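Structural overview for review
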Amino acid sequence: GAQWKGASSKIAADIEDLYSLKSVPLAPGTTTTIDADAILVAGPREKFDSTSIAALDEAIMRGIPIAFLIDIKSFIAGRFLVMPQDAGLGDLLKHYGFLIGDRIIFDAQCESIGLTQNLGGFAYTTNLRYPYIPLIDRIMSTHPIGRGLEAVSLPFTTSVEAVQGLPSTVHFTP
């Protein structure tokens, strides 16, 4: 099953400076209620099983805020390879009004990466702008999430769209 991995991700390490975090194991077949003030699903690498999805759904219905940071592709840097990745959360997210795209966003306003080449026994590093890591610099600083941020890099980002025909009680803000 899937679980919170603590400081194994950069965002987890940064958030731990501000908040007290604890692991919430979602073992396959468990029916345990999640007890938390908020939930962060950050880059799951395994597919959630139906009972784990039901636990997340139940938490949402109880009013617990949940942020989903989901990778639709797995990037293997050493081989410069991108492979599809599915956390199994598509139907749950669709039920709550949004669709996760299946293609990576390409943006001219992007981060630079260092590309190292070996020429004649010498290693040369060249910085290149890499359009698959968009650099977002128009951040809503009045919102608590954006407060204090000047820019954010979002590697291998995908689109998020509203489901058509949402009830008037559901609000989608892109």
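About the thresholds
Residues numbered from 1 in each chain as written. Predicted model: local features only at pLDDT ≥ 70, side-chain atom pairs only at ≥ 80, totals over all residues. Heavy atoms only, no water. Helix = DSSP H or I, 4+ residues; strand = E, 2+ residues; numbered from the N terminus. Buried < 20%, exposed > 50% of the residue type's maximum accessible area, 1.4 Å probe, protein only. Contact = heavy atoms within 4.5 Å. Areas by Shrake-Rupley, 256 points an atom, 1.4 Å probe, with all protein chains shown as cover. Core = buried A, V, L, I, M, F, W, Y, C linked by side-chain atoms within 4.5 Å. Polar contact = N/O pair within 3.5 Å; in protein donor to acceptor, adjacent residues only side chain to side chain. pLDDT = per-residue confidence, 0-100.

Now for the overall build of the protein. Assigned secondary structure in the protein consists of three helices and nine strands. When the helices and strands of the protein are placed in sequence order, the string is α-β-α-β-β-β-α-β-β-β-β-β. Relative to its full complement of 174 residues, the protein shows a buried share of 22%. By sequence separation, contacts in the protein at least 24 residues apart represent 51% of the contacts at least 6 residues apart. When the accessible surface of the protein is totalled, it reaches about 12,100 Å², and 56% of it is carbon and sulfur.

Moving on to the nonpolar core. With 16 residues, the main nonpolar core has Ile39, Val41, Phe48, Leu56, Ile66, Phe68 and Leu89 as its most contacted residues. Every element with two or more residues in this core is listed here: β1 (39-42), α2 (50-61), β2 (66-69) and α3 (90-95). Excluding anything up to four places from it in sequence, valine 41 contacts Phe48, Leu56, Ile66, Ala67, Phe68, Leu69 and Leu89.

Attention shifts here to the environment of glutamate 111. Summarising the element assignment, glutamate 111 is placed in strand β6 (residues 110-119). Residues glutamate 111 and leucine 154, spaced 43 residues apart in sequence, show a C-alpha to C-alpha distance of 9.0 Å. Contacts of glutamate 111, omitting those with residues within four sequence positions, involve Leu128, Arg129, Tyr130, Ile133, Leu135 and Ser153. Of note is the side chain of glutamate 111, whose polar atom sits 2.4 Å from the side chain of serine 153.

It is worth spelling out the confidence of the model for the protein at this point. This prediction gives the protein a mean pLDDT of 80; 88% of its residues lie at or above 70. Element-level mean pLDDT values for the protein span from 66 in helix α1 (residues 10-16) up to 92 in α3. In the model, residues 1-7 has pLDDT below 50 throughout and makes 23 contacts with residues more than four positions away in sequence or in other chains.

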